[in-house]
Protein chains: 2
Amino acid sequence: MVQRLEDSGEFGLIKKIRKLMEREGIRANGVTLGIGDDCASFLPDPGYETLITCDCMVEGRHYLPGRITPFDLGRRAMVMNISDIAAMGGIPLYALVSLGLKKNTAVEYIEDMYRGFLKELNPLNAAVIGGNITGSEHSEFINITLIGKVESERALCRSGAKAGDSILVTGYPGQAAAGLKILLENPDDNDGLKNTLVAAYNRPSHRAKEGRAVALSGLATSMIDISDGLLGDLSHICEDSNMGAKIFRNRLPISQPMCNLINPQGWDIFETIIGDSDDYELIITCTPENTAKIKGAIAEVSNVPVTEIGTITGRAGIRLITSDGVSHPVRTTGWDHFKGKD
Amino acid sequence: MVQRLEDSGEFGLIKKIRKLMEREGIRANGVTLGIGDDCASFLPDPGYETLITCDCMVEGRHYLPGRITPFDLGRRAMVMNISDIAAMGGIPLYALVSLGLKKNTAVEYIEDMYRGFLKELNPLNAAVIGGNITGSEHSEFINITLIGKVESERALCRSGAKAGDSILVTGYPGQAAAGLKILLENPDDNDGLKNTLVAAYNRPSHRAKEGRAVALSGLATSMIDISDGLLGDLSHICEDSNMGAKIFRNRLPISQPMCNLINPQGWDIFETIIGDSDDYELIITCTPENTAKIKGAIAEVSNVPVTEIGTITGRAGIRLITSDGVSHPVRTTGWDHFKGKD
């Protein structure tokens, strides 16, 4: 018989989760009090700043119920947050997980979600140290707060880009957006969950070790992760740095699965690459002479491709340069939760 | 014309909130990066542990929409979290606010909620340093993560109570439960929002300075805040300390507004005092010889009454001693989000 939350109750569930953490999670360094008291506590490392971020996923809005396994859902929710620590060049340490759950949810579903969290945290020696569980009748939500650390004054912000800086991007932005389109266009095809692009949406990777390598190089002027799409997040760098940017259409990285899509689906592949997409890749800016060094620093820890796609400019706004050399102004806002696409 | 989220958009709202914080909030010490980047960051104090807690309020479940002002809602959500830091004896420092909002919500409503956060944070020199905003079609939710600090190894846990310890409680537990009953029994009476007991539910106080005084005294063996009711939270102390407790019915503190209620409403006042209630008062345990000193330490910073209601016992379970000296075993589980009252 499937055990549901209304059977186990809140406190029964918390006990189960605590045991699962002890059995399958790791004990992170520095934790002085874990799950179970009014607060969790930890002893911060001298010489480091504490980083903190939170991100929330709401059923139906950030994921499609039934089209992602609870294990992948847990992974994805944690990756979103790890990616924010990665974008500062930091080291992820401790997570607080706050869940809003329907009472007919199977306990096993929640346990699988926690296994997804651990799948991402364990390799980083990071752990869930606290959280909250509450009922939410209409839609499930997963709010994660992630704590990290970075050497004092070494955090990489969005605001340091300078005119003339090169713009680098890791991996293949837009793959997650393509995966989401495939999911939406094929509502009954659960075999499609194995599709490479659907996997890019459901099971994205974070770039924690790549972001860390960039921070340790000391050579980047700014960094951000892509959660609002390539253009959306590049525009955040531009706004916070009071700069603009030009990107070259023919330099945009296109993965093989994306190439394969162009004709059959009839999508505008370039729109997909630069538009709203939750890829959790990194955008990095640096002076042109440091481009090769940053690529080298990343190559030492990762096989992910790093592509130089353009240049920061003193003139506000983002321009797309097509292969004929013509410069086109582009809309720069990313995904907006209340307006949708701006 | 009322401006709504679908007009201002997510990024427009974030800018408004950021400006409101700069205008009406304080700049907390130690913050190296506030709202606006991938993470917030701060420089922890040497000699202190970092405390972290999160709590979530879901519309319809933790508050009654239309029966609480957004300002009071913001205050209450922040008080819940401050109370958790208070229960460890810590100092609240920084908050991350994660909101799930309907798109037709008025921007002014959100601004008033943030003013409620600031009303609680400003006097503590604490600040909102980050957060997240997302859409949630069906029910609004407010998740707050609060960071605090406490001198190394001085955090007051639930697990330190010993047999023979006195049990102290601040204020008047059960007032919030009474207020909620009044709200539910009078669905159309918004004048009743001014009622003292309704105010105890809608506008509770935290006990941050009292909790801090207890921690600094070094004399308490355990501490917890009351968010699951007097019995519910005392049972958390008992379970985590592997102890039991006896409480004396005629020592339970009853406020004047509660006394006034007994006859007209026909409630069981004692059930209301010991049952599920979100009072954010503190339960403190200490050896009998330290009772007066702890009361004295609290009296130096606060006028809140502190009442000795019973004793920790070596025998598991909680017993209520009535005025005839008879000992009655009582059910000890507090509010459960999936089962309701156990």
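Residues numbered from 1 in each chain as written. Chains lettered and ligands numbered in written order. Predicted model: local features only at pLDDT ≥ 70, side-chain atom pairs only at ≥ 80, totals over all residues.

Considering the domain arrangement of chain A
All names here are of chain A.
Point 1. The domains assigned to chain A are domain 1 (5-151) and domain 2 (166-330).
Point 2. Here the C-alpha centroids of domain 1 and domain 2 sit 27 Å apart.
Point 3. In this assembly, 19 residues from domain 1 lie in contact with 18 residues from domain 2.
Point 4. If you list the elements that add at least two residues to the side of domain 1 that touches domain 2, you get helix H2 (70-86) and strand E4 (91-101).
Point 5. Here the side of domain 1 that touches domain 2 takes 10 residues from H2, the largest share from any one element.
Point 6. Here the residues of the side of domain 1 that touches domain 2 sort into 12 nonpolar, two polar and five charged. (Domains from an automatic or database assignment. Contact = placed C-beta atoms within 7 Å. Helix = DSSP H or I, 4+ residues; strand = E, 2+ residues; numbered from the N terminus. Nonpolar A, V, L, I, M, F, W, Y, C, P; charged D, E, K, R; others polar.)

Overview of the pairing of E4 of chain A
All names here are of chain A.
Point 1. Along E4, 11 of the 11 residues are buried, which leaves the element largely enclosed by surrounding structure.
Point 2. Inspection of the sheet shows E4 paired to strand E6 (residues 141-151) by nine bridges, in the antiparallel sense. Note on E6: the bridge partner recorded for Leu-99 is Ile-142.
Point 3. Looking at chain direction, E4 and strand E5 (residues 127-135) are connected through eight bridges and run parallel. Bridging from a neighbouring strand, Leu-101 pairs with Gly-135 of E5.
Point 4. In terms of handedness, the path from E4 via helix H3 (residues 107-121) over to E5 forms a crossover that is right-handed. (Buried ≥ 20, exposed ≤ 12 C-beta atoms within 10 Å, placed from the backbone. Pairing = 2+ DSSP bridges. Right-handed = clockwise from strand over helix to strand, strands pointing away.)

Focus on the sheet that holds strand E11 (residues 306-313) of chain B
All names here are of chain B.
Point 1. Pairing is mixed across the open sheet formed by seven strands, whose spatial order is E8-E10-E7-E11-E9-E12-E13. This sheet does not close on itself; its edge strands, each paired only once, are strand E8 (222-225) and strand E13 (327-330). Put simply, the sheet's adjacent strands are angled 25° from each other on average, direction ignored.
Point 2. Relative to strand E10 (residues 282-286), E8 runs antiparallel, the two being bridged by four bridges. Paired with Ile-224 across the two strands is Ile-283, which belongs to E10.
Point 3. The sheet contacts of helix H7 (residues 230-241) involve strand E7 (166-170), E8, strand E9 (244-248), E10, strand E12 (317-321) and E13, and relative to E8 the element is tilted by about 145°. (Axes fitted to C-alpha atoms, helices over the stretch in contact; angles between N-to-C directions.)

Thoughts on the interface of chain A and chain B
Point 1. Taken together, the 58 residues of chain A in the interface contact 58 residues of chain B.
Point 2. No other element matches strand E3 (residues 48-58) of chain A, which puts nine residues into the side of chain A that touches chain B.
Point 3. Grouping the amino acids of the side of chain A that touches chain B by side-chain chemistry returns 25 nonpolar, 19 polar and 14 charged.
Point 4. With three bridges connecting them, E3 of chain A and strand E2 (residues 40-42) of chain B associate as antiparallel partners. The partner of Leu-51 of chain A across the bridge, within E2 of chain B, is Ser-41 of chain B.

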